[in-house]
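Okay, here's what each chain looks like letter by letter:
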Amino acid sequence: MTFRERYLAGEIPFEKIDDYVEEWNNSEDTRTLREYLGLTAEEEDVWIDDSDEALMELLEKERRAQQ
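Position labels on residues start from 1 in each chain and follow its written sequence. Restriction of local features to residues with pLDDT of at least 70 applies here, the model being predicted, together with a cutoff of 80 or more for giving and counting side-chain atom pairs; totals for whole chains, interfaces and linings are based on all residues. In computing side-chain values, all of the structure's heavy atoms are included and hydrogens and water are not.

**Details of the packing of aromatic side chains**
Aromatic rings considered in pairs are described by the distance between their centres and by the relative angle of their planes. Heads up, the condition is: Stacked, tilted and edge-to-face are the three classes assigned to paired rings of Phe, Tyr and Trp, where Trp is represented by its six-membered ring and a pair needs centres within 6.5 Å; plane angles under 30 degrees give stacked, over 60 edge-to-face, the rest tilted. Relative accessible area decides the class of each residue, using a 1.4 Å probe on protein chains only: under 20% of the type maximum gives buried, over 50% gives exposed, and in between gives partly exposed.
A complete count under the given rule lists four aromatic pairs for this structure. Both rings, one in tyrosine 7 and one in phenylalanine 14, keep their centres 5.8 Å apart while their planes meet at 80 degrees; by these two values the pair is edge-to-face. As far as burial versus exposure is concerned, tyrosine 7 and phenylalanine 14 are alike and both buried. Among the aromatic residues, those joined into a ring-pair cluster are Phe3, Tyr7, Phe14 and Tyr20.

Have a look at this one:
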């Protein structure tokens, strides 16, 4: 499962994104970081253009909408 899937399912805290990024950095995975994390293009843009906190807020909004 991707970071996004596990986070939205409530399995892991947002801070675990750093562990996923580190795993990707140390792997030979050919996917982009966005693909590896399971983020949408919009989520990636928010993360890059704004901050970790902005991405967390966006994901939280989606998690609440799923409930």
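And the narrative resumes.
**Some details on the environment of glutamate 57**
How we decide: Only runs of H or I of at least four residues qualify as helices and only runs of E of at least two qualify as strands under DSSP, and these elements are numbered from the N terminus.
As for its placement among the helices and strands, glutamate 57 is situated in helix 5 (residues 52-66). Considering only alpha carbons, one finds glutamate 57 and valine 46, 11 residues apart in sequence, at a separation of 10.0 Å.

**Quick word on helix 5**
Operational definition: One fewer than the residue count of a helix, multiplied by 1.5 Å, yields its expected span. Contacts are residue-level and defined by heavy atoms, with any inter-residue pair within 4.5 Å sufficient.
Taking 1.5 Å as the rise per residue, helix 5 with 15 residues should run 21 Å; its terminal C-alpha atoms sit 21 Å apart, in good agreement. Within the sequence span of helix 5, burial applies to Ala54, Leu55, Leu59 and Arg63. Those residues of helix 5 that are buried lie in contact with helix 1 (3-8), helix 2 (17-25) and helix 4 (41-49).

**What to know about the pattern of salt bridges**
As a reminder of what qualifies: For this document, the term salt bridge refers to a Lys or Arg side-chain nitrogen within 4 Å of an Asp or Glu carboxyl oxygen.
In this structure the tally under the stated criterion is eight salt bridges. The partner of glutamate 62 in a salt bridge is arginine 4, with the nearest N and O atoms 2.6 Å apart. Of the two residues, glutamate 62 sits in helix 5 while arginine 4 sits in helix 1, which places them 58 residues apart along the sequence. We classify arginine 4 as buried; its relative accessible area is 14%. Here aspartate 19 and lysine 16 are joined by a salt bridge, their closest N and O atoms 3.4 Å apart. A network of salt bridges, in which partner residues are shared, links Arg4, Glu43 and Glu62.

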